[in-house]
Amino acid sequence: MAIECLVLGAGQEVGKSCVVVTMNGKKIMFDCGMHMGHLDHRRYPDFSLLSKSTDFDNTLSCIIITHFHLDHIGALPYFTEVCGYNGPIYMTYPTKALAPLMLDDYRKVMLGRGEEQQFTNDNILNCFKKVTAVDIKQTVQVDKDLQIRAYYAGHVLGAAMFYASVGDAAMVYTGDYNMTPDRHLGAAQIDRLRLDLVITESTYGKTIRDSKYAREREFLKAVHNCVANGGKVLIPTFALGRAQELCILLDDYWERMNLKVPIYFSSGLTIQANLYYKVLISWTSQKVKDTYATRNAFNFKNVQSFERSLIHAPGPCVLFATPGMLSGGFSLEVFKHWAPCESNLITLPGYCVAGTVGHKLSDKTTKVDVDNDTQIDVRCKIHRLSFSPHTDEKGIMDLVKFLSPKNVILVHGEIKNMDYLKGRIESELGSQCYYPANNETVSFPTTHFVKVDASATFINSSLTPNFKFIKDEVTETAPVQVCDERVTQGVLIMEKGQKVKILHQDEVLTMVGAERTEVEFAYCFPLSLRSLKDLVTDDNSLIRMLCAKVSNEVSEFEVQDNMGVIQVNSFRLAVCRDDNCFYRVDGDGSTASSGCMFFCCNWLNVDKNLAWRVVFLMKNMESSVDSDLVDL
């Protein structure tokens, strides 16, 4: 069987996350996002690649949404209400509660820009009636074969990684995640799983972030300097996530510094979002939960709602305006008014998708096109600082190393970052890594596991130790090392209509009514031992000398002199006086006058390596006889 992955979005780019995975006949869509930087057909995934007949209900087993950001859920109402998908949809409880707010806010932004309405508010409400909410680590049986489970991802409130399995095939889709905790959310957590595939974001795949506290100090210094000089600070951010993180930071700083400059939220959306954060406190960081009884971290003392009339009001202020990235809406409107003023500051706290105004801004920007008809003079300060809730290069490598999947697919990142990560993952972690472009498919085989019953006799034989004691001959004081070299051997039995089982070999003999048969090997070889001719009187004395030599060289085995026969385990060696010996190798010849003596040996297959080791040892004694033998 094989796993097949069709990347409909976030392939070699950030935005429009949508990956369709087929496992053992089940087709799962992970995320259904929109691209914030496009207004044409590239805004949504190309759903026609799923089904030419648009019969999406029979094509997809389910849709899984990882979190409420628009680049992961923005196309969902369009896909369900316009394209007609009516199958199962799964997301966490906070995502189900907060996503409709995000979607309706963006719908209003589209209307405000004069764009064609892609979906209505009723479409959003009807879409979410089809959603089934899940909790962290809750296992959901989608059907008799497909099983899914959510894991805490950090990133934003309610974000989850999802595990999915069909039969023996298993995978994890991470969505966006953060491997380090912040002020209001914990770090991603997941069990160690046996996986064929991990699909992971790679937004910051070539970035190792510096100290979080250093970034916070830099941010607070920039904001404080601006308002101290009478300037206005615009922070374009989405209503959920960074807004709460930065509000906690600023509210605490304002309290400590006793600042009276107003901090504003741009719309009722963020106020409403904060109410959800208070209700969903169990999904936040441990620090927020621990202090909840005495102080709710989302009760901001210095933050108030912003009225549109305040855009031109004199005096300093700090404004959180939606949406992030300056992709439109109120944040872009305020930017147009504040950017031409040198005393003002625009702080971009996270990643900005290509095509957005935020992506075009830098310290050297003097003019920026906000649309086809409008160009803005940029005289204000531009401050970029990574308060992104995405994990960095180290976090991605740590997660992949922990999960140790056979295959990795990188999405949600720039191609140069993906290529760099692919090299590290394959060379350091040994997993095959891919980063397909949009509308490309990657497939690879899965492992098939068979559950078997084991007999009591087989289990007992496996429990018998096979100790080997190794002593360091150089360092006499070194402790003896003990190794257990047991080998479990059994026979796999597959009978029609019966469960597969593994038996001890003796049980199989009884089952088939056969007796044990062991294959024995034999070899007859010559040795030139002229120097011993006057030292030995008979074959037994020669065997005793050779036995002493063999004992020294294979000291880990018990070597016995058994009445003219050297025996080590099943290996037996004796002098051969039969000139017509059947086991004598062609070309060895037979001549008493040559000074050669022949030795015949035999052994079982289990001692094959030991047997050839002893034979090789004795053949090396042909040229000379060690003094320790002569002394005997």
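For the structure itself, look to the data block above.
Visitor: Honestly, the overall build of the protein chain in this entry has me stumped. Any pointers?
Guide: A count of helical and extended segments in the protein chain gives 18 helices and 32 strands. By the compact-globule yardstick of 26 Å for 632 residues, the protein chain is too spread out, its C-alpha radius of gyration being 37 Å. Seen along its three principal axes, the alpha-carbon backbone of the protein chain occupies a region of about 120 × 60 × 50 Å. Expressed as a percentage of the 632 residues in the protein chain, the buried residues total 52%. Sequence separation of at least 24 residues holds for 70% of the intrachain contacts in the protein chain that already meet a minimum separation of 6. The distance from the centre of the 65 positive side-chain charges to the centre of the 75 negative ones in the protein chain is 8 Å.

Visitor: Quick question: what am I supposed to make of a nonpolar patch on the surface here?
Guide: On the surface, a cluster of nonpolar side chains totalling about 400 Å² of accessible area is made up of Val-450, Val-452, Leu-492 and Met-494. Along the chain, Met-494 turns up in the loop between strand 26 (491–493) and strand 27 (501–503).

Visitor: What's the story with the nonpolar core in this structure? I'm lost.
Guide: Counting 131 residues, the largest nonpolar core has Met-29, Leu-50, Phe-79, Phe-219, Leu-250, Val-318 and Phe-335 as the members making the most contacts within it. Looking at this core element by element, the count peaks at eight residues for helix 4 (residues 93–112). In contact with Leu-250, other than residues within four places in its own chain, are Phe-219, Leu-220, Val-223, Ile-235, Ile-263, Val-318 and Phe-320. Counting residues in each nonpolar core, the second largest holds 30 residues, with Ile-28, Leu-146, Phe-162 and Leu-197 among its members.

Visitor: How should the pattern of salt bridges be read in this particular structure?
Guide: This structure, assessed with the given rule, holds 26 salt bridges. Residue Asp-145 pairs with Lys-144 through a salt bridge whose shortest N-O separation is 3.3 Å. Here Arg-424 and Glu-393 are joined by a salt bridge, their closest N and O atoms 2.5 Å apart. Of this pair, Arg-424 sits in helix 13 (residues 415–429) while Glu-393 sits in helix 12 (residues 393–403), and the two are 31 residues apart along the sequence. Among the residues examined, Arg-424 registers a relative accessible area of 21% and is labelled partly exposed. Look at Glu-393 and you get buried, because its relative accessible area is 5%. In this structure, a network of salt bridges that share partners links the residues Lys-26, Asp-143, Lys-144 and Asp-145.

Visitor: How should helix 5 (residues 121–129) be read in this particular structure?
Guide: Listing the buried residues of helix 5 in full gives Asn-123, Ile-124, Cys-127 and Phe-128. Looking straight down helix 5, one finds that the buried residues subtend no more than 125° of arc, so they occupy a single side. At its buried positions, helix 5 is contacted by helix 2 (70–73), helix 3 (76–82), strand 5 (89–92), helix 4 and strand 6 (131–134). Capping the start of helix 5, Thr-120 holds a side-chain oxygen 3.4 Å from the backbone nitrogen of Asp-122, two or three residues further along.

Visitor: Can you walk me through unusual backbone geometry in this structure?
Guide: Note on backbone geometry: most residues besides glycine have negative phi, and most peptide bonds are trans. A cis amide bond links Thr-322 to the next residue, Pro-323, at an omega of -5°. Residue placement: Pro-323 occurs in the loop between strand 15 (317–321) and helix 10 (329–338). One non-glycine residue, Asn-258, adopts positive backbone phi at about 55°. Among the structural elements, Asn-258 can be located in the loop between helix 7 (242–257) and strand 13 (263–265). For His-412, which is not a glycine, the phi torsion comes out positive at approximately 55°.

Visitor: I'm lost on the packing of aromatic side chains in this one. Help?
Guide: How two aromatic rings sit relative to each other is set out by the distance from centre to centre and by the angle between their planes. Applying the stated criterion across every chain, the model contains 18 aromatic pairs. Between Tyr-434 and Phe-444, the ring centres sit 5.7 Å apart and the planes meet at 20°, which makes this aromatic pair stacked. In this pair, Tyr-434 is assigned in strand 21 (residues 432–434) and Phe-444 in strand 22 (residues 440–445), connecting sequence segments 10 residues apart. Each member of the aromatic cluster is reached from another via a ring pair, and the members are Phe-521, Tyr-523, Phe-525, Phe-571, Phe-599, Trp-603 and Trp-612. Here Arg-584 stacks its cationic end above the ring of Phe-598, 3.6 Å away from the centre of that ring.

Analysis parameters
- Residues numbered from 1 in each chain as written.
- Predicted model: local features only at pLDDT ≥ 70, side-chain atom pairs only at ≥ 80, totals over all residues.
- Heavy atoms only, no water.
- Helix = DSSP H or I, 4+ residues; strand = E, 2+ residues; numbered from the N terminus.
- Rg over C-alpha atoms; globule rule 2.2 N^0.38 Å.
- Buried < 20%, exposed > 50% of the residue type's maximum accessible area, 1.4 Å probe, protein only.
- Contact = heavy atoms within 4.5 Å.
- Lys, Arg positive; Asp, Glu negative; His and termini not counted.
- Charge placed at Lys NZ, Arg CZ, Asp CG, Glu CD.
- Patch = residues over 30% accessible without salt bridge, like charges linked within 9 Å, V, L, I, M, F, W, Y side chains within 5 Å.
- Areas by Shrake-Rupley, 256 points an atom, 1.4 Å probe, with all protein chains shown as cover.
- Salt bridge = Lys/Arg side-chain N within 4 Å of Asp/Glu carboxyl O.
- Core = buried A, V, L, I, M, F, W, Y, C linked by side-chain atoms within 4.5 Å.
- Arc of directions from axis to C-beta.
- Polar contact = N/O pair within 3.5 Å; in protein donor to acceptor, adjacent residues only side chain to side chain.
- Phe/Tyr/Trp six-rings, centres within 6.5 Å; stacked < 30°, edge-to-face > 60°.
- Lys NZ or Arg CZ within 6 Å of the ring centre and 35° of its normal.

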